[in-house]
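Working through the structure, step by step
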Amino acid sequence: MKKAIIVILPLLLIAVCMLEPTFDDWTYFTTPYYDFDTNIIDRLIPRYSYWRPFDCLFGLLLTIDHRLFPLLNHIAVFIAHVMSALMVYKLGRMLSLCKKSAWVATLFFFFSPAMLGTVLGIDSLNQAYSHLWGMIAIYAYLHGRHSLWILCALLSLFCKENGIAFFFIPIIIKWAINRDNILLSLRNLCVSLAVIGLYFLIRVILESDAVYINEEYFDSPVLRIANNIIRFVSLSLIPIDYVSIATEATRNYPLALVTLALSMPFMIMLVVKGRHTLRSPLFVSLMVSALVAAGPHIATLFTTMHAYAGLGLISIAIGMLWQNSNIKEETIFRNPYLIAFLLSCMIIDTHHWYCSYESGQQGKRMAEKVLKTIHPKPKLCVLYIDTNESKYSSFCVIPYDAFGWGKAVRHYGDGINPAYIDNYTFKPNDTTAIHHYVDSIHTEGYQDVLVVEGNEIDTYSKWLEKKYNAR
């Protein structure tokens, strides 16, 4: 097993590092291009609905040399994923899993399609490290090192807001193991609440005019939460090639059915053979804790990245089911159900990786075409003709989003120009409105105007010429 890991990990890292930025990757803190104020302190205090100083420091590091982006991001996320897998194994062993069962839990975590939104992401350091510090917090608490638990839970919280869950999750798990020590649990719960209260007090004191709450996080709460729970359960426990379902361009129902047929017998076998485990306090606490870990996302906005929040705990629960299923094989790789499950995961992971790769390459090709066509000046305007193209998370991104609304030109060019990028969206028949907007942009000093329609990008003059020639 160890020899296989030594061979596989570098290959997986190389594959991940081949992915180029798309969509949110261009605009989040962890890029060399985020429009921070000149004061470094402004990067570290609460901004918008976030308080993520580590992401801001990482973005500062990237500004030293923009060529570090996105390679350094990929390496950092991959390291966090590997370390989290190690913590899944160590926690599994601490919770009385045998070596085989701990390995099953680790493999489930490492290859589960639920990790793809984070591991293939470029702006996902916060999700990866919030999970890692959270798992270390649980490990510290179960070892009785309560000061270290509080520190790691704080680090998890400062990585991403859902890290607040790890002030409670270790108490839930410990209570399932040792229910007699209720006074200690209550005391630690009070400590957690005090630290959280102090966190919010400091956050309110430090808030600036850059703080706001996105209404998208709170629209239609009941329907949103119900839908988010379904998505969380589906992504975590039903491995299927969602890319083959999500968009028309990548739709492949036979492939989706094949991946489902390969993966579900393993899940069904675990539930049937390990059904007595479903009622055990530890198993219930792990599943409840996974829900708590993903709870802030479920209550607000849930994307494929957010399935990662509870994945480590779910993986340990899977290891428990395996251990109590009385599987007799000498090695885990002699079990046909597990082999079929891992094969399904490999197919799903590869397909998602390929779609992510193609999305990134699309943005790169568009940027390179612009760089060959024009020499970017300080001000660039990008107009998007919205034709209702379909997309799926960060895997199948429409060309305009892959292009980063023009930011890809800066990245694949000299990293400096265009320094100012304006963008606006129009419908296909808004020709008159487009003319007026272009006139106003020129008066504001924007020298270059590009138009993106579908996967085509042209200068405004060439786009007009094509449009009139088509009539």
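Below: a short report on this structure. (Residues numbered from 1 in each chain as written. Predicted model: local features only at pLDDT ≥ 70, side-chain atom pairs only at ≥ 80, totals over all residues. Heavy atoms only, no water.)

**Considering the overall build of the protein chain**
- Secondary structure summary: the protein chain contains 20 helices and 4 strands in total.
- In terms of C-alpha radius of gyration, the protein chain reaches 24 Å, essentially the compact-globule figure of 23 Å for 471 residues.
- Looking at the protein chain as a whole, 52% of its 471 residues are labelled buried.
- For the protein chain, the distance from the average site of its 38 positive side-chain charges to the average site of its 36 negative ones is 13 Å. (Helix = DSSP H or I, 4+ residues; strand = E, 2+ residues; numbered from the N terminus. Rg over C-alpha atoms; globule rule 2.2 N^0.38 Å. Buried < 20%, exposed > 50% of the residue type's maximum accessible area, 1.4 Å probe, protein only. Lys, Arg positive; Asp, Glu negative; His and termini not counted. Charge placed at Lys NZ, Arg CZ, Asp CG, Glu CD.)

**Let's talk about helix H16 (residues 336-373)**
- With 38 residues, H16 should cover 56 Å at 1.5 Å per step; its first-to-last C-alpha distance of 55 Å lies within 8% of that length.
- Capping the start of H16 is the job of one residue whose side-chain oxygen sits 3.0 Å from the backbone nitrogen of Tyr337: Asn335. (Expected span 1.5 Å × (residues − 1). Polar contact = N/O pair within 3.5 Å; in protein donor to acceptor, adjacent residues only side chain to side chain.)

**Things to note about the layout of surface pockets**
- Put simply, the second largest pocket is a space of about 460 Å³.
- Considering the residues around the second largest pocket, the lining is formed by 18 residues, among which Ile5, Trp103, Leu107, Phe110 and Phe111 are closest to the centre.
- Every element with two or more residues in the lining of the second largest pocket is listed here: helix H1 (2-17), helix H4 (71-94), helix H5 (99-111) and H16. (1 Å grid on protein atoms, 1.4 Å probe; cavity = no way out; pocket = protein on both sides within 12 Å on 5 of 7 lines; lining within 4 Å. Points joined across faces, edges and corners; volume = space filled by probe spheres on them.)

**Examining the sheet that holds strand S3 (residues 448-453)**
- The strand order across the open sheet formed by 4 strands is S2-S1-S3-S4, and the pairing between neighbours is mixed. Two strands bound the open sheet, and with one partner strand each, they are strand S2 (420-426) and strand S4 (456-459). Within the sheet, the average angular offset between the axes of one strand and its neighbour, ignoring direction, is 20°.
- Bridge analysis of S3 against S4 gives 4 bridges, and the strand direction is antiparallel. The residue of S4 that forms the bridge with Glu453 is Glu456.
- Across the sheet, H16 touches S3 and S4, and the angle it forms with S4 is around 20°.
- Contacting strand S1 (379-385), S2 and S3, helix H19 (residues 431-443) runs over the sheet at an angle of about 165° to S2. (Pairing = 2+ DSSP bridges. Axes fitted to C-alpha atoms, helices over the stretch in contact; angles between N-to-C directions. Contact = heavy atoms within 4.5 Å.)

**Structural notes on the nonpolar core**
- If you look at the biggest cluster of nonpolar residues, it comprises 89 residues, and the most contacted ones within it are Ile138, Ile173, Phe266, Leu286, Ile318 and Trp322.
- Filtering out sequence-adjacent residues up to four positions away, Trp322 remains in contact with Ser101, Val104, Phe266, Met269, Leu270, Ile327, Ile332, Asn335 and Leu338.
- Judged by nonpolar contacts, the second largest core, of 29 residues, contains Trp26, Met366, Ala408 and Leu450. (Core = buried A, V, L, I, M, F, W, Y, C linked by side-chain atoms within 4.5 Å.)

**Details of empty space enclosed by the protein**
- Taken as a whole, this structure holds 1 cavity of 30 Å³ or more when the rule is applied.
- Reported here for the largest cavity is a volume of approximately 60 Å³.
- The wall of the largest cavity is formed by Pro113, Ala114, Leu116, Gly117, Leu235, Tyr242, Thr304, His352, Tyr392 and Phe395.
- Here the residues of the lining of the largest cavity are counted per class, giving 7 nonpolar, 3 polar and no charged. (Nonpolar A, V, L, I, M, F, W, Y, C, P; charged D, E, K, R; others polar.)

**Notes on H5**
- The end-to-end C-alpha distance of H5, which contains 13 residues, comes to 18 Å, matching closely the 18 Å that a straight helix rising 1.5 Å per residue would cover.
- When you tally the buried positions in H5, you get 10 out of 13 residues, the bulk of the element.
- Burial in H5 covers these residues: Ser101, Ala102, Val104, Ala105, Thr106, Leu107, Phe108, Phe109, Phe110 and Phe111.

**So, the packing of helix H7 (residues 125-142) against helix H8 (residues 146-159)**
- The geometry of H7 relative to H8 is characterised by a closest axis approach of 8 Å and an angle of 170° between their N-to-C directions. The orientation of H7 relative to H8 falls into the category roughly antiparallel. Pair H7 / H8 crosses with left-handed handedness. Contacts between H7 and H8 involve Asn126, Tyr129, Ser130, Trp133, Gly134, Ile136, Ala137, Ala140 and Tyr141 from the first element and His146, Leu148, Trp149, Cys152, Ala153, Leu155, Ser156 and Cys159 from the second.
- Among the residues making up the contact of H7 with H8, the classes are represented as 12 nonpolar, 5 polar and no charged. (Parallel < 35°, antiparallel > 145°, perpendicular 65-115°, else oblique. Left-handed = near helix turned anticlockwise from the far one by under 90°.)

**Considering the environment of Gly363**
- When you line up the elements, Gly363 lands in helix H16.
- By relative accessible area, Gly363 is classed as buried at 0%.
- In this structure the C-alpha to C-alpha distance between Gly363 and Ile64, which are 299 residues apart in sequence, comes to 24 Å.
- Setting aside residues no more than four positions away along its own chain, Gly363 makes contact with Ala402, Phe403 and Ala408.

**A short note on the side chain of Ser285**
- As for its placement among the helices and strands, Ser285 is situated in helix H14 (residues 281-299).
- Look at Ser285 and you get buried, because its relative accessible area is 5%.
- Here the side chain of Ser285 touches Leu282 through a polar contact of 2.7 Å, landing on its backbone oxygen.
- Sequence-distant contacts of Ser285, defined by excluding residues within four places in its chain, comprise Ile172, Ile173 and Ala176.

**Quick notes on the packing of aromatic side chains**
- Counted under the stated rule, the structure contains 26 aromatic pairs.
- Summarising the aromatic geometry, the rings of Phe29 and Tyr50 are spaced 5.8 Å apart at their centres and angled 90° between planes, so their arrangement reads as edge-to-face. Note that Phe29 is positioned in the loop between H1 and helix H2 (41-44) and Tyr50 in the loop between H2 and helix H3 (53-63), a separation of 21 residues in sequence. Accessibility assignment for this pair places Phe29 and Tyr50 in one class, buried.
- On the basis of an interplanar angle of 80° and a centroid distance of 6.0 Å, the ring pair of Phe232 and Phe302 is categorised as edge-to-face. With a gap of 70 residues between them, Phe232 in helix H11 (residues 221-237) and Phe302 in the loop between H14 and helix H15 (311-323) connect regions that are remote in the sequence. Taken individually, Phe232 and Phe302 each receive the classification buried, so the pair is uniform in this respect.
- Ring pairing ties together the aromatic residues Trp26, Tyr33, Phe69 and Tyr412, which thus form one cluster.
- For the cation-ring pair, Arg52 lies above Tyr50, with the distance from its terminal atom to the ring centre recorded as 3.9 Å. (Phe/Tyr/Trp six-rings, centres within 6.5 Å; stacked < 30°, edge-to-face > 60°. Lys NZ or Arg CZ within 6 Å of the ring centre and 35° of its normal.)

**Overview of the packing of H14 against H15**
- Contact geometry of H14 with H15 gives a least axis separation of 8 Å together with a crossing angle of 160°. Taken together, the axes of H14 and H15 lie roughly antiparallel to each other. The two elements H14 and H15 cross, and the hand of that crossing is left-handed. Residue-level contacts link Leu282, Phe283, Leu286, Met287, Ser289, Ala290 and Ala293 of H14 to Leu313, Ile314, Ile316, Ala317, Met320 and Leu321 of H15.
- Tallied by class, the residues present in the contact of H14 with H15 amount to 12 nonpolar, 1 polar and no charged.

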